[in-house]
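Architecture at a glance
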Amino acid sequence: MEFDEMTDMSRGVVYVAWGKDHVEVARRSAASVKRWNPGLGTAIWCKDGDDTSGFDHAFFIPEGLKRPKVNVLGESPFDETLFLDNDTVVRADLGSFFDLLRKYEMCGTQVILWHRPRHLKKIALDLPETFPEINTGVLLYRKTPAVLDFFRDWAETFAASGMGIDQPSFREVLWRSDVRFYVFPPQFNKRVFEASELIWSDAPRARILHLELLRPQKNPILRWISNRIR
């Protein structure tokens, strides 16, 4: 691991990327963070030997982890952390976003299509439909004892679930947790655009894009489009 002694360790953004292509899109996301938020540090968990240029800190993912982010988010080098999936682009100053942590310990946004069966999968608890899954691709948190307990519980519950997806276990752990949690506006985890929004909308501008198109693209046309999203 490497540390830049000049980096402010109080607030930062972390990524988890497995494979060269995913590190590349994470690097693009980190560059967008720095474009709007030059004072924020960035860190990445990746494979030993990956190119980690463009990040302030780099850590290696331990072998044998099925879903590494579930296990490493509690190891953030920052006091206040924004975890971003690699397929994201930041488009705004995030100072007021981090200020949510003055009151809350963890923040996330609900999945948009929460009513669909794939977002209502049960592990052990019968939860109300009105307590939707949280999209775990954009999570804001500070390292309090309750949050660190949450991450340990999440890792254990995910492993015991046998599932390949982590949001059902996050939902159940959040239900039984005492973490002070806040649901932030969807513009900070913009997953879907309605057709009307592409023409005109009075809604706030998306601050963080989180789109499938931003994932590694093998198709050259889709890759060209993806690389031009700002």
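Structure shown above.
Since the structure is predicted, the reported quantities are computational estimates derived from the model, not experimental observations.

1. With respect to the pairing of strand β7 (residues 134–142)
Within β7, 9 of the 9 residues are buried, leaving the element largely enclosed by the surrounding structure. Sheet topology note: the strand β4 (residues 80–84)/β7 ladder contains 5 bridges and is antiparallel. From the neighbouring strand, Leu82 faces β7, where its bridge partner is Leu140. The pairing of strand β6 (residues 106–110) with β7 spans 4 bridges and is classified as antiparallel. The residue bridging Met106 from the neighbouring strand is Tyr141, located in β7.

2. Brief notes about the packing of aromatic side chains
Applying the stated criterion across every chain, the model contains 12 aromatic pairs. Measuring from centroid to centroid gives 4.8 Å for Tyr104 and Tyr182, while their planes differ by 25°, and the two rings are stacked. With Tyr104 in the loop between α3 (95–98) and β6 and Tyr182 in strand β8 (residues 181–183), this residue pair connects regions lying 78 residues apart in the sequence. What makes Tyr182 partly exposed here is its relative accessible area of 29%. Centre to centre, the rings of Trp154 and Phe170 are 5.0 Å apart; their planes meet at 85°, and the pair counts as edge-to-face.

Calculation notes
Residues numbered from 1 in each chain as written. Predicted model: local features only at pLDDT ≥ 70, side-chain atom pairs only at ≥ 80, totals over all residues. Heavy atoms only, no water. Buried < 20%, exposed > 50% of the residue type's maximum accessible area, 1.4 Å probe, protein only. Helix = DSSP H or I, 4+ residues; strand = E, 2+ residues; numbered from the N terminus. Pairing = 2+ DSSP bridges. Phe/Tyr/Trp six-rings, centres within 6.5 Å; stacked < 30°, edge-to-face > 60°.

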